[in-house]
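The primary structure of each chain is shown beneath.
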Amino acid sequence: MADELSLPSVPEPQPDDSEDVSWALSTAEAMWARGDHAEGIKWLRKAAEAAADAEHDVRALELAKAASDLASLLARRSAADQSGAHAPVNASAPTPLGPAVAPQGAGSAPPSPPRTSATP
């Protein structure tokens, strides 16, 4: 599936991550790589929780944001697939999502294509 190749990946473990965070991120990456994106996001959220439990608040926030960004992207793609259209892919979107990546904007998503009315 060529579309899956353009999806961002989960963030990689960092040297100062706790063992629980690293393990959850490794599991998230494995799930994501085999196409089980929902499970990958679930494990990414677990990594964020583990970082919060270890009192690494900045890392927890980064991982939670990455999980949210991936979930939003998948939701947009799913909605587009159901409508028969292709979701727009921002070629400049950072990959992988993670701490070294600055957000694209103030939480804004790419603009939706204009809808045309099908009324006669």
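Residues numbered from 1 in each chain as written. Predicted model: local features only at pLDDT ≥ 70, side-chain atom pairs only at ≥ 80, totals over all residues. Heavy atoms only, no water.

(A) How the structure looks around the pattern of salt bridges. Overall, the coordinates contain four salt bridges when judged by the stated rule. One salt bridge connects Arg 59 with Asp 17, and the closest N-O pair in it is separated by 2.9 Å. With Arg 59 in helix α4 (residues 57-83) and Asp 17 in the loop between α1 (2-5) and α2 (19-33), this pair connects stretches of sequence that are 42 residues apart. Comparing Arg 59 with Asp 17, the two get one shared label, buried. A salt bridge links Lys 65 to Asp 69; the nearest nitrogen and oxygen atoms lie 2.8 Å apart. Placement of both Lys 65 and Asp 69 in helix α4 is noted, with a separation of four residues, approximately one turn of the helix. Through salt bridges with shared partners, a single ionic network connects Asp 17, Arg 59 and Glu 62. (Salt bridge = Lys/Arg side-chain N within 4 Å of Asp/Glu carboxyl O. Helix = DSSP H or I, 4+ residues; strand = E, 2+ residues; numbered from the N terminus. Buried < 20%, exposed > 50% of the residue type's maximum accessible area, 1.4 Å probe, protein only.)

(B) Spotlight on the confidence of the model for the protein. Of the residues in the protein, 63% have a pLDDT of 70 or more, and the chain-wide mean is 76. pLDDT under 50 marks residues 1-5. Its contacts with residues more than four places away, or in other chains, come to three contacts. Contacts for the low-pLDDT stretch residues 89-114, under 50 throughout, to residues beyond four places or in other chains number 29 contacts. (pLDDT = per-residue confidence, 0-100. Contact = heavy atoms within 4.5 Å.)

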